[in-house]
Amino acid sequence: MEITFIQAVLIGLWTAACYAGMLWGVYTNRAIFLAFGVGVILGDIQTALQVGAIAELAFMGFGVGAGGTVPPNPIGPGIIGTLMAITNPAVTPESALALSMPFAVAIQFLQTAIYTVRAGAPEGATRALDKQDFRGFKLHANMTIWLFALVGFLLGFLGAYSMEMLTTLVGYIPAWLLTGLNVAGGMLPAIGFAMILSVMVKKELVPFVLMGYVLAAYFKLPVIGIALFATIFALQQYNQASNKSVAAANTEVGNDDWI
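Let me begin by describing the structure that accompanies this report. (Residues numbered from 1 in each chain as written. Predicted model: local features only at pLDDT ≥ 70, side-chain atom pairs only at ≥ 80, totals over all residues. Heavy atoms only, no water.)

1. Let's talk about the overall build of the protein
Inference 1: Within the protein, the regular secondary structure consists of eleven helices and zero strands.
Inference 2: Listing every helix and strand of the protein by position from the N terminus yields α-α-α-α-α-α-α-α-α-α-α.
Inference 3: Over its C-alpha atoms the protein spans a radius of gyration of 24 Å, topping by over 25% the 18 Å that the globule rule assigns to 259 residues.
Inference 4: Across its three principal axes, the protein shows a C-alpha extent of roughly 80 × 65 × 30 Å.
Inference 5: Residues classed as buried in the protein amount to 36% of the 259 residues present.
Inference 6: Put simply, the protein shows about 15,600 Å² of open surface, and 71% of that area lies on carbon and sulfur atoms.
Inference 7: Separation between the mean location of the 10 positive side-chain charges and that of the 12 negative ones in the protein comes to 6 Å. (Helix = DSSP H or I, 4+ residues; strand = E, 2+ residues; numbered from the N terminus. Rg over C-alpha atoms; globule rule 2.2 N^0.38 Å. Buried < 20%, exposed > 50% of the residue type's maximum accessible area, 1.4 Å probe, protein only. Areas by Shrake-Rupley, 256 points an atom, 1.4 Å probe, with all protein chains shown as cover. Lys, Arg positive; Asp, Glu negative; His and termini not counted. Charge placed at Lys NZ, Arg CZ, Asp CG, Glu CD.)

Spelled out as structure tokens, the structure:
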């Protein structure tokens, strides 16, 4: 599949809007949201959502920086990975995730550079207000957003416009390596979930985690069915906790009356 100049411009504008939206707090810089826009522009929403969903599963874990770590940027799989999967039949959604991870890491370094360049924005905006220079204040306040939009447009446009070259490079990758990348891409979501479980799961919740695994692996229950099972147990736990709270409150009242 060849990407036209108009489609490349539209993908660039879409990436710019989503990337800048991250600073507005609207969570547009998510892999599945980015991939959906690419799928609409290129006319292959199904493949785009497959790439976005697989990337979201992985980014649930390592997409959130712990401590001082910097996570990869979702533009990698959301834009570059989706473009690879749609334009190249040899690239599966799983292998697209693995192939796009170097781009995700590089884009995050670029984002860190933007933040570094704009580190003095608060002081510049404060000085502009002290001088009653409202135009300068608006410039300092909004320049970071405009830089994100500009960088996002360049990433989306250049990624789409140079996809033919990337497709040619992918063609040189041996079949056995593509198979390995496919397996690695399928493992990344599991690694993401493992990172979440290592932080969130307490020993009291381990039986529920094992039950979810058994339902999925052996009973072949779909995700909605597992979620319904989880809802039943969550409601049971909530009711038990509420009853304990009420009983404790009644006990305290009874002790006060006795006193």
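2. Examining the environment of K202
Inference 1: Among the structural elements, K202 can be located in the loop between α9 (175-200) and α10 (206-217).
Inference 2: The spacing of K202 and T28 is 174 residues in sequence and 32 Å in space, taken between C-alpha atoms.

3. A look at the packing of aromatic side chains
Inference 1: According to the stated counting rule, one finds nine aromatic pairs in the structure shown.
Inference 2: An angle of 85 degrees between the planes, with centres 5.7 Å apart, marks the rings of F5 and F157 as edge-to-face. In this pair, F5 sits in helix α1 (residues 5-24) while F157 sits in helix α7 (residues 134-161), placing the two residues 152 residues apart along the sequence.
Inference 3: By relative accessible area, which is 47% here, F5 ends up partly exposed.
Inference 4: Among the aromatic side chains, those forming a connected cluster through ring pairs are F5, F153, F157 and Y161. (Phe/Tyr/Trp six-rings, centres within 6.5 Å; stacked < 30°, edge-to-face > 60°.)

4. Things to note about the pattern of salt bridges
Inference 1: In the structure shown here, the tally under the stated rule is one salt bridge.
Inference 2: The partner of R30 in a salt bridge is E56, with the nearest N and O atoms 2.7 Å apart. Here R30 is found in the loop between α1 and α2 (31-42), whereas its partner E56 is found in helix α3 (residues 45-62), with 26 residues between them in sequence. (Salt bridge = Lys/Arg side-chain N within 4 Å of Asp/Glu carboxyl O.)

5. Some points on the nonpolar core
Inference 1: Ranked by internal contacts, the top residues of the largest apolar core, which has 37 residues, are I3, I11, V38, L42, I79, L83 and M84.
Inference 2: For this core, the elements supplying multiple residues, two or more each, are α1, α2, α3, α4 (75-87), α5 (93-117), α7, α8 (163-171) and α9.
Inference 3: Element by element, the count of residues in this core is highest for α4, at seven residues.
Inference 4: Residues in contact with L42, not counting those within four places in the same chain, are M1, I3, Q7, I11, L83 and I86.
Inference 5: Within the second largest apolar cluster, nine residues are counted, among which are I54, A55, A58 and L188. (Core = buried A, V, L, I, M, F, W, Y, C linked by side-chain atoms within 4.5 Å. Contact = heavy atoms within 4.5 Å.)

6. A closer look at a nonpolar patch on the surface
Inference 1: Where nonpolar side chains cluster on the molecular surface, the patch consists of I32, F33, F36, V40, I45 and L49 and spans about 450 Å² of accessible area.
Inference 2: Elements supplying a minimum of two residues to the nonpolar patch: α2 and α3.
Inference 3: In terms of residue count, the dominant contributor to the nonpolar patch is α2 (four residues).
Inference 4: With respect to the element layout, F33 can be found in helix α2.
Inference 5: Relative accessible area serves as the criterion here: at 35%, F33 is assigned to the partly exposed category. (Patch = residues over 30% accessible without salt bridge, like charges linked within 9 Å, V, L, I, M, F, W, Y side chains within 5 Å.)

7. A closer look at α8
Inference 1: Three or more residues of α8 are buried, namely M163, L166 and V170. The buried residues of α8 all sit within an arc of 60 degrees when viewed along its axis, so they share a single face. With respect to the buried face of α8, the exposed residues turned more than 90 degrees away are E164, M165 and G171. (Arc of directions from axis to C-beta.)

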